[in-house]
Amino acid sequence: MKFVSVNLRVISSQNFEQLKYQTLKHFWGFENFRDAQEEIINAVISGQDALALLPTGGGKSLCYQLPALILEGTCLVVSPLLALIKDQVFQMKNLGIEAEYLSSELDDFDAEVIFNRCKDGLTKLLYVSPERLTNQLFLKNLEEIQVSFLAVDEAHCISEWGQDFRPSYQNIKKFRPFIGKIPCLALTATATPKVLQEIQLKLDLKNAFVFQKSFRRSNLNIISDKISDKYERVLNLLKYNRSSGIIYVRTRKEAEELTHFLHRNQIKNVDFFHAGIPVKEKNAKQNNWVKSQNQVLISTNAFGMGIDKENVRFVLHFSPAASIENYYQEIGRAGRDGAESYAFLLWNEQELKNFDQILINQIPSKAEFQKIVTYLYSTFQIAENDLPENVFQLHIQKVQNFTKASLAKIRNVLNFLHHQEIIYYNSQNSLSSLELKVSPEQIELLPKKDAYFIELLLRNLTGIATHKVLFSEKSFSTKIGSDPQLVKERLLELQKSGHLNYIDGAQSSVRFLQHRDQRAIEGKYWNLFAQIQKNKIQKWEEMKFFVKDTDFCKMKMILSYFGEKNAKNCGHCSVCQQQKESVFGRDISADILNVLKTAPANVEEISIKLNYFSKENILENLIHLLDSGKVKMLNFRTYAFNDDYKAL
Ligand code: ADP
């Protein structure tokens, strides 16, 4: 079927029903919708604002992708991470759906091609980051694009109370009037009642349909395990494992060490993954795992967003996550196919105390916060109201020498500034960049040694005379038969003398995104920073309670955290299991006798009083009690305590 989008006004409701199912079958190959999907889709198509809350793996994407195909025009999708966007667009294209994304990676020509396809109504989904919504060129082009509706993915990023807070999500409210009265569908997997309200308010959702599917995942067994020797525990678990899984650890070092330990102990189907690995290698590891039936990936929480693997049989937390939201999101990657799966959570008291300390040590005082920020501005000579364009190399060690604050505090502040989009802080290994600052005439006047080296650069790195070029010292040094370290030193010397701009990709770097505004830093940003730290502590306290508690069903605790009242026990988490055992350990017979001592009763009445036992269990025990003479029958239904028994 060649897909033709339709004007719904001209098709009957019966045809529409057919079209929905045909589209589902044709592009996705599915026969039926899952739970709330169909209702959400109907709401979008009928032109209403909607808020869809589905757990991770619940099938949120389809809720906007399918109406996007059916409705006339282009659906605009706002999503927080470029990696997620690329992933989605790639998947869409694989399904034969016209989807595109806009990002600063694309040059003007590529962007124009995309805009034109949208204007012609060919592109059905256009993914953008929230920053794009204030871009003038984008807004100008939008005037000629028929937008079918606005989908806001990961809508909880709008909430200041969550850890994923993205200030640029606030742009959406101001942006909405630009596209006229177009409905908005907000989607999220992690929303507490407070966050839900915030989403509706800040996205200006009017009379929104709210679809909240229970967050319960019946196929997940949460097993909390208090244990001191975690290495041994993981080894024992993996010895008999024949399925795919993820082990979440806290640090990169831990990921590598645990992997090596398991390799040494003949567990070969494990690999590690973290943000410090070069992109190519990371992709290879990820692809290998996604395709496998029995690979286990040991990873920091850098792994998982946008991962769509169905047959993950377990997620093991080597240490508790920082919050219940994070934890539930992470374990939600197990059992997406609906088959029985496990979430193991390893912990011990000592470790919880260590994390308390780690958390506290990350939080700078107001004076330290200001010192760190002021250092950034002064070391790069940025005056009030200035906004330089360059990328600066950042030596964390120097920040530490100057501020005397711990590395953890410095990183915390830098990450905060990054999330607030005040700076772009790059702490990951990336390609280096180079731009020449001297003209060909000036080169001739330089000392011979410098001129020769610059000639080499010009010959091997095309473009550096006119713009910034990304390169690797390693491949450049191989080309010229030198050593990468020597190349770096030469580049730094030339940088010092102002002949070029060089950013070493192996070091952190920062770019400023906003004009320096000291008052805002000391006032509103410090307040926000302090609030976020408080939230972090509170979320960690909640997580600790969740980890340590042995009275409440684990799934029920999570559900009540997400605002689901009156949830039933799951019956198979570690707490439910233990309670069952203690029920079994209880003397059923003694309990039955106690009931009958107060008054004769039938099986139904007894099982209401002893509702922690199953009816079959009660009946079985009654038969034994009858046999032994402790209980007698008054009529064919009623049992009574046998007073004569003592006399027998
Ligand atoms: P989420 O974004 O909510 O985490 P996804 O949209 O990635 O979830 O969907 C999770 C998985 O469920 C995907 O593999 C998707 O193909 C599958 N899925 C979605 N809807 C259906 C459906 N109606 N029938 C069968 N599988 C579905």
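First, a word on scope: everything that follows refers to the structure included in this document.

Reading the values: rules and limits
- Residues numbered from 1 in each chain as written.
- Predicted model: local features only at pLDDT ≥ 70, side-chain atom pairs only at ≥ 80, totals over all residues.
- Heavy atoms only, no water.
- Core = buried A, V, L, I, M, F, W, Y, C linked by side-chain atoms within 4.5 Å.
- Buried < 20%, exposed > 50% of the residue type's maximum accessible area, 1.4 Å probe, protein only.
- Helix = DSSP H or I, 4+ residues; strand = E, 2+ residues; numbered from the N terminus.
- Pairing = 2+ DSSP bridges.
- Axes fitted to C-alpha atoms, helices over the stretch in contact; angles between N-to-C directions.
- Near = heavy atom within 4 Å.
- Polar contact = N/O pair within 3.5 Å; in protein donor to acceptor, adjacent residues only side chain to side chain.
- Areas by Shrake-Rupley, 256 points an atom, 1.4 Å probe, with all protein chains shown as cover.
- Nonpolar A, V, L, I, M, F, W, Y, C, P; charged D, E, K, R; others polar.
- Patch = residues over 30% accessible without salt bridge, like charges linked within 9 Å, V, L, I, M, F, W, Y side chains within 5 Å.
- Salt bridge = Lys/Arg side-chain N within 4 Å of Asp/Glu carboxyl O.
- Lys, Arg positive; Asp, Glu negative; His and termini not counted.
- Charge placed at Lys NZ, Arg CZ, Asp CG, Glu CD.
- Disulfide = S-S within 2.5 Å.
- Contact = heavy atoms within 4.5 Å.

1. Considerations on the nonpolar core
Argument step 1. Membership of the largest hydrophobic core comes to 113 residues, with the highest contact counts inside it found for Leu 125, Tyr 127, Phe 138 and Tyr 327.
Argument step 2. In terms of residues, this core owes the most to one element, helix H3 (residues 60–70), which gives seven residues.
Argument step 3. Judged by nonpolar contacts, the second largest core, of 31 residues, contains Ile 382, Val 399, Tyr 525 and Leu 528.

2. Brief notes about H3
Argument step 1. Extensive coverage of H3 is indicated by the burial of 10 of its 11 residues.
Argument step 2. Residues Lys 60, Leu 62, Cys 63, Tyr 64, Gln 65, Leu 66, Pro 67, Ala 68, Leu 69 and Ile 70 constitute the buried set of H3.

3. Description of helix H2 (residues 37–45)
Argument step 1. Here H2 lies mainly inside the structure; seven of its nine residues are buried.
Argument step 2. Along H2, the positions that sit buried rather than exposed are Gln 37, Glu 38, Ile 40, Ile 41, Ala 43, Val 44 and Ile 45.
Argument step 3. Once H2 finishes, Gly 47 follows within two positions and takes phi at roughly 90°, a positive value.

4. So, the sheet that holds strand S18 (residues 500–503)
Argument step 1. The strand order across the open sheet formed by three strands is S17-S16-S18, and the pairing between neighbours is antiparallel. On the outer flanks of this sheet lie strand S17 (469–471) and S18, each paired with one strand and no other. Mean inter-strand twist for the sheet, computed between neighbouring axes without regard to direction, equals 25°.
Argument step 2. Where strand S16 (residues 432–436) lies against S18, four bridges are found, and the strand directions are antiparallel. Counted as the bridge partner of Leu 434 is Tyr 502 from S18.

5. Quick word on the site of the ligand
Argument step 1. For the ligand, the set of nearby residues contains 15 residues, the closest of which are Asn 32, Gln 37, Gly 57, Lys 60 and Ser 61.
Argument step 2. At a separation of 3.1 Å, an oxygen atom of the ligand approaches a polar side-chain atom of Arg 34.
Argument step 3. For the ligand, whose accessible area on its own is 570 Å², the fraction buried by protein is 80%.
Argument step 4. Taken together, the residues of the shell around the ligand break down into three nonpolar, seven polar and five charged.

6. What to know about unusual backbone geometry
Argument step 1. Residue Asp 204 is not a glycine yet carries a positive backbone phi of 60°.
Argument step 2. Residue position: Asp 204 is located in the loop between helix H8 (193–202) and strand S7 (209–212).
Argument step 3. Note on Asp 204: relative accessible area 29%, which makes it partly exposed.
Argument step 4. Unlike most non-glycine residues, Asn 207 shows phi in positive territory, near 40°.
Argument step 5. One can find Asn 207 in the loop between H8 and S7.

7. Side note on a negative patch on the surface
Argument step 1. Residues Asp 107, Asp 108, Asp 110 and Glu 112 make up a contiguous surface patch of negative charge.
Argument step 2. With respect to the helices and strands, Glu 112 occurs in helix H5 (residues 108–119).

8. Re the state of the cysteines
Argument step 1. The full count for this structure, using the stated rule, is zero disulfides.
Argument step 2. The closest cysteine sulfur to the non-disulfide-bonded Cys 570 is located on Cys 553, 3.7 Å from its own sulfur.
Argument step 3. Its sulfur unpaired, Cys 573 is 3.7 Å from the next cysteine sulfur, which belongs to Cys 576.
Argument step 4. The exposure class assigned to Cys 573 is buried, which follows from its relative accessible area of 0%.

9. Concerning the pairing of strand S1 (residues 50–53)
Remember that side chains alternate between the two faces of the sheet whenever the strand is regular.
Argument step 1. Across the two faces of S1 the burial is the same, with Ala 50 and Ala 52 and Leu 51 and Leu 53 all buried.
Argument step 2. Bridge analysis of S1 against S7 gives four bridges, and the strand direction is parallel. Each bridged residue has a counterpart across the sheet, and for Ala 52 the counterpart in S7 is Phe 211.
Argument step 3. In the sheet, S1 pairs with strand S6 (residues 184–188) via four bridges, with the strands oriented parallel. From the neighbouring strand, Leu 53 faces S6, where its bridge partner is Thr 188.

10. Observations concerning the environment of Thr 403
Argument step 1. Within the fold, Thr 403 resides in helix H15 (residues 396–403).
Argument step 2. The spacing of Thr 403 and Glu 455 is 52 residues in sequence and 41 Å in space, taken between C-alpha atoms.
Argument step 3. Those residues in contact with Thr 403 that sit more than four places away from it in its chain are Lys 371, Ile 372, Tyr 375 and Ile 410.

11. A look at the side chain of Asn 241
Argument step 1. Its place among the elements puts Asn 241 in the loop between helix H9 (230–239) and strand S9 (244–248).
Argument step 2. By relative accessible area, which is 10% here, Asn 241 ends up buried.
Argument step 3. Of note is the side chain of Asn 241, whose polar atom sits 2.8 Å from the side chain of Ser 243.
Argument step 4. Apart from residues lying up to four places away in sequence, Asn 241 is in contact with Asn 269, Val 296 and Phe 314.

12. Looking at the sheet that holds strand S3 (residues 99–101)
Argument step 1. Taken together, the seven strands give an open sheet; going across it, the order is S3-S4-S2-S5-S6-S1-S7, and neighbouring strands pair in parallel fashion. Sheet topology places S3 and S7 at the edges, where each strand pairs with a single neighbour. Neighbour-to-neighbour, the strand axes of this sheet turn through a mean angle of 20°, independent of strand direction.
Argument step 2. In this sheet, strand S5 (residues 147–152) lies alongside strand S2 (residues 74–78) in parallel orientation, the contact comprising four bridges. From the neighbouring strand, Thr 74 faces S5, where its bridge partner is Val 147.
Argument step 3. Where helix H4 (residues 82–94) meets the sheet, its contacts fall on S3 and strand S4 (125–128), and the angle it forms with S3 comes to roughly 160°.

13. What to know about the pattern of salt bridges
Where charged atoms from two side chains of opposite charge approach closely, those side chains can pair.
Argument step 1. A complete count under the given rule lists 26 salt bridges for this structure.
Argument step 2. For Arg 166, the salt bridge goes to Glu 131, with nearest N and O atoms at 2.7 Å. Taken together, the positions of Arg 166 in the loop between S5 and helix H7 (171–175) and Glu 131 in the loop between S4 and helix H6 (136–142) put the pair 35 residues apart, joining distant regions of the chain.
Argument step 3. Assessed through its relative accessible area of 14%, Arg 166 is described here as buried.
Argument step 4. Measuring nitrogen to oxygen at the nearest pair gives 4.0 Å for the salt bridge that ties Glu 257 to Lys 253. A residue pair is termed a helical-turn pair when its members lie 3 or 4 positions apart in one helix, as Glu 257 and Lys 253 do in helix H10 (residues 252–264) at four residues.
Argument step 5. Judged by its relative accessible area of 59%, Lys 253 is exposed.
Argument step 6. In this structure, a network of salt bridges that share partners links the residues Glu 17, Lys 20 and Glu 38.

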